[in-house]
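A structural walkthrough
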Amino acid sequence: MQDTDFWPDHEALPDDLTEFMDDSYLVKMLETDSIFSDESTLTFDENTDIHLAKELPNTHRKQLAEMFEPTGKMAIPQKRPRAATLSKQNTVPNVNSTSKKQKTEGTDRASVQSREDQSCPSPPQSLFYHHPSIQFVTIPDTTFNQFRTQTIPLPVLSLPIPTVTAPILLLAPFPTSLSGYKLQVPPLPPEDNAIVPAVKSSSPAGTLSDTTSRFMSPPCNNEMTQSKESTAVQRSPVKFDMPQSVMKYIQMAKAHMHQICEEMEPRQNLTSHYVAVQVIQREMCRSGKKKNRCLNKEMAVMGDMDRQERLIKLTQVFENSNGAKPKRYILLLGKTGMGKTTLIRKLCQDWAKDCLPQFDFIFLLNSSALVTLGKSHYSLQTLLLDFFNIASCDSSDTEEVYAQVLAAPKRVLFIFDGFNVRDYELLFQEKDFTTLLDKDTKAKSSTARQLFSAILQRVVLPGSSLLISARPRGTACQLLRRLDSILEAIGFTAPNIETYVSKYFSDPDLRESALKCLEKCSYLCHLCWNPRLCRLVCLVLEHTQSSEGLPNSLTELCHKVVYLKIENDKSGSCTQAQNTSKAQVSKRTMRSTRRERKIKTKEIKTGEIYEKKLLSCLFSLAWEGVKSNTSILPRDVCSELKAFGIRKGLFLSYRGRARQSCCKVQIQQVQEKKENVLEEQRQNQHNMNLQENDGDDNSLLQWADPFLQSYLAGIHLSKARNVCPQNLLQNLFSQSAATGRQRPQGEAQELTQRFALGIMFLPRSELRRLHLDINSSRRALFTKHLTGLTLTNLCPDQFLELCHYIFEAGLLHDNNSDIGEARLATYLVENLPEVLTFRGIPLGPPDAYVVQKILERAENGSRAFSLDLEDTGIPISNLRSLVGLGSCSTYRACIADVIVLWQQLQQSGGRKSLQQYVKKFNINPLKIMHLHQIEHLSRLVKIHMNKRLLDCPAEPDVLLEKGVPAVNGLHKLEIDIGPERGPLAFLKLSEFLPSLCELQHLDLEGNNIGDKGAEQLAETFGSLCFLQILNLSQNYIGDNGVQKMVTRLTDLSKLRCLILYSNMISDNGASALAAVLPHMASLTDLDVKYNKLSDVGAQCLGASLRECKKIKTLRMWNQCIPYGVFERLQQQDSRILWH
């Protein structure tokens, strides 16, 4: 056999050998049958310095020696075989030659051969035939870490690849037993410069030969694996064998996580009271023209039906479609109280129940922990395994647990909860991570903020998964660039509300009474869309016998909740106040304010005065928190105020957990401390409750409810002397509707302002319950300044906020008996603009209810309005209520939601109402920015052409005998989807574009339709007989596309303006345009500037322009036209313009 029979032609190999490096190919090459298929023998060179048997361990060396040990009476000593070296010659050694050292005196070749046959009990049929350019290197098994992988044959590699430099062939030690052999491989290196412990990153001294050390490079970050994840089929994750201590730690961690996530509120736990909140998958808005980086404006606003189609389950949060990029960076959005924290708790509890097998570790990082850690320095191991302790273990076990976290970062999940968008921006501003990249991973050289920032920016453990919760307000440029998925919690539905109320009230009678009250009070039912507000509503219903005393606004709801919390423990508060000395109360009250606010101390004679002082301190603390956009209280709050807030249920205590080592000395110290604490508590039994509430020095207090915090801050704002209603209104309307450059306010600040104005209009009897005395002059000032506002210049978000101001002030309530307030409400309604636009502002059920109340008041005044509800996501039920009002003349909304509304009306038999709903609907002008909007318009055009609503074979509906009026009235259509999805969008548009016969303005700028799209568009020109303006700018249209269009341009008999700005048109396309211009009698403006036509094309257009007397302007400048030629053309015809 010659060399060419075994080795393939090197010149025939492809340049790209990546396919030979695939795992399946390597496994195939490692099969024994394929390796030893050729009959050949392995020769050993005696001149080599590398001894194979010497490098192998004792057990393997012994086994190998036994294979070559001669049997029989006459034993011939043989020298141990040596590893083959790199031959300098290009010839293959003779396979039939025998080593000289194997021959002995007095024996012939035949006898030696016979004894060699006897020396091997089971001689192999063929041995590995190696190329002389391959170098063999042995690596002992002691340098490898034991991980369980798939079972494959012996690790012998044979690759028919030509080498310029000698390749390295690694021979693993021979196994003691071939049955059940498993390949021993080193662990995968951490990704992206992750910190690796020294025990994993270095090899023991003296175990590697010089050759091996020279060719072994530092571990690389697994870039090839990362690049193939997005294109290759997703493989199942490799499961490593973990030590028993690590597995035990994980089980203890899951048990502890289940326990802490189970606790919700008093009398409630996650298992018995959890109601699944709807979660949808959001899309980023990638417009082709304008882009902003505001979180709530960067996402596409979806209609009600679109949300229902994009609902996902909690188990699908981390799932990705086949071939898609893995979801490693996930953002969970939700307004205040929408249940983000509850969802995270449920997710952690599912992990504790082994419902998330893709994660071994979950670390829950919240803003409270960041404040608790302060500016102290920690290492990553200390932060994760000591502070965020979820199981106690020995120090040696901790090292193993931390090593497992670093070895498999893809099985680690970090959850950031309780942070707002501004907090994330501050964390992204941290750039100093030099101490984190130090080899000494145990050095406490980083603050908690630096570690949080490093995890968020993927500086450490970059392969881990991140789940981040945030509110949709504010800018988040750094955050948006890293996201793989955006989710949003959209609150409760009507069945969810009923389920929550049923779980809250265990008594069937109370449950039935509560549901009946919700039916009678529609506003409270709309508030229950928010899970947190649903909890407050149930608390009020629990203490209300009938629907007469129920709140009518959000201000009244929070007012009643605070009053109930205070009344439930009022007696204990009074008793404690009477037993407190005057000097002690005065001293502690002075420390209660955050900015050393001086409070005048007086003699406390009764518990009512004491309670009033504490409430005043609570109001100021709440306002300080709202201004700082935080729910965490300062540490210098006095003990009485802490005890008061915790006892009333207004504060929650957060204690940072610190892991306790299990060594004997520390256990004894901990037990002694516990005994001392218990003994002290027995001696001070009368102060035990106060000690439990205050907590230790490491405890942290935060507000239990964000709505109650904003309400208490609103009380402070309404009482403050330096704040008047005029300042509140100026703060609301100071932002210009045109620019909008000011940073948007947070939800807490908006709620506080609403509460402040609502408190001014509360009855005095209700104010006295909280020891409040609001001067009536402040209410008069607010009324005066409100009547002087100009309502026509308000942008949508300002107008919606004004609607909430009016509603919270009680001006729209049916039971309002104040004549002055009724006149104010009438004045505001009479001065509302005729077009009420809420475009781009999300409208929840409470928002829609407030707008409905204003329109009902306007209906009594015989006024009519045009509602723009497009891109608001208003629920279909609220859309039906608004459009059904007599004060609504026309409306715009999501086309898919409107179609569903029409179908519901038809099924319910409301043909008269259906006629009004169809007649009022308007879509002109229509701007499409997403693909799903194209599909919605297609469905509407289909209804227009078929003249029936339901997708069933039936006769045309009489109500749609003339089609849909909205389609007939569509005169302007703008497609702004962008160059990436533009071709697909135009392909769908071209299917029904001929049906838009009344279209007058078609704008397709920046959608990359190309020559093919221009050809498809030309085929529709015969149907668009009323088209006057056609904009095809920035669509990569070349000469072929223009030549196809000019043959049909004459069909557009009313075309006045043709815009072909910034395309790929050259002289041939310009000549085709010049030929058709004299035949377009209605064309007045032609724009072909910034194309590729030269002076030849420019002169053709200039010559054709002389024959077109009706054309007013021709713009055709570009850099390919010489300046002198263009200037001469301008002198010949003044209608030729630069821009």
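See the structure shown above.
Now for a description of the structure that goes with this document. Everything numeric in this text was worked out from a predicted model, so none of it was measured. (Residues numbered from 1 in each chain as written. Predicted model: local features only at pLDDT ≥ 70, side-chain atom pairs only at ≥ 80, totals over all residues. Heavy atoms only, no water.)

Attention now goes to the packing of helix α21 (residues 494-504) against helix α24 (residues 531-542). Across the interface, α21 lies against α24 with an axial gap of 11 Å and an inter-helix angle of 50 degrees. Taken together, the axis directions place α21 and α24 in an arrangement best described as oblique. Seen along the crossing, α21 lies across α24 with a hand that is right-handed. In contact with Tyr 500, Val 501 and Tyr 504 of α21, α24 contributes Cys 534, Arg 535, Cys 538, Leu 539 and Glu 542. Of the residues belonging to the contact of α21 with α24, the class tally is six nonpolar, no polar and two charged. (Axes fitted to C-alpha atoms, helices over the stretch in contact; angles between N-to-C directions. Helix = DSSP H or I, 4+ residues; strand = E, 2+ residues; numbered from the N terminus. Parallel < 35°, antiparallel > 145°, perpendicular 65-115°, else oblique. Left-handed = near helix turned anticlockwise from the far one by under 90°. Contact = heavy atoms within 4.5 Å. Nonpolar A, V, L, I, M, F, W, Y, C, P; charged D, E, K, R; others polar.)

Ranked by internal contacts, the top residues of the largest apolar core, which has 218 residues, are Tyr 711, Trp 902, Leu 973, Leu 1049 and Leu 1101. Here Leu 1101 is in contact with Ala 1070, Leu 1073, Ala 1074, Leu 1077, Val 1088, Leu 1093, Leu 1114 and Met 1116, once residues within four sequence places are set aside. Counting 49 residues, the second largest nonpolar core, distinct from the first, contains Leu 383, Leu 406, Ala 470 and Leu 483. (Core = buried A, V, L, I, M, F, W, Y, C linked by side-chain atoms within 4.5 Å. Buried < 20%, exposed > 50% of the residue type's maximum accessible area, 1.4 Å probe, protein only.)

Strand order across the open sheet formed by seven strands is β6-β5-β13-β7-β12-β10-β8, with mixed pairing between neighbours. Each having just a single partner strand, β6 (311-312) and β8 (361-366) make up the two edges of the open sheet. Pairing between strand β10 (residues 412-417) and strand β12 (residues 465-470): four bridges, direction parallel. Paired with Leu 413 across the strands is Ser 465, a residue of β12. (Pairing = 2+ DSSP bridges.)

Applying the stated criterion across every chain yields a total of 22 aromatic pairs. Between Phe 419 and Tyr 424 the ring centres are 5.6 Å apart and the planes differ by 40 degrees, which places this aromatic pair in the tilted class. Given the relative accessible area of 5%, Phe 419 is considered buried. Within the aromatic cluster, the residues linked to one another by ring pairs are Phe 416, Phe 419, Tyr 424 and Phe 452. Lying across the ring of Tyr 563, Arg 769 places its NZ or CZ 4.5 Å from the centre. (Phe/Tyr/Trp six-rings, centres within 6.5 Å; stacked < 30°, edge-to-face > 60°. Lys NZ or Arg CZ within 6 Å of the ring centre and 35° of its normal.)

Right, let's get into helix α41 (residues 895-908). In this model, α41 (14 residues) spans 20 Å end to end at C-alpha, consistent with the 20 Å of a helix rising 1.5 Å per residue. Among the 14 residues that make up α41, 10 are buried, leaving the element largely enclosed by the rest of the structure. Among the residues making up α41, those that are buried are Ile 895, Ala 896, Asp 897, Val 898, Ile 899, Val 900, Leu 901, Trp 902, Gln 903 and Leu 905. Following α41 by one or two positions, Gly 909 adopts a phi angle in the positive range, close to 85 degrees. (Expected span 1.5 Å × (residues − 1).)

It is at 9 Å that the axes of helix α25 (residues 554-567) and helix α34 (residues 747-760) come closest, and there the two elements cross at 85 degrees. Between α25 and α34, the angle is such that the two are roughly perpendicular. Two secondary-structure elements touch here, α25 through Leu 554, Thr 555 and Cys 558 and α34 through Leu 751, Arg 754, Phe 755, Gly 758 and Ile 759. Looking at the contact of α25 with α34 residue by residue, the classes come out as five nonpolar, two polar and one charged.

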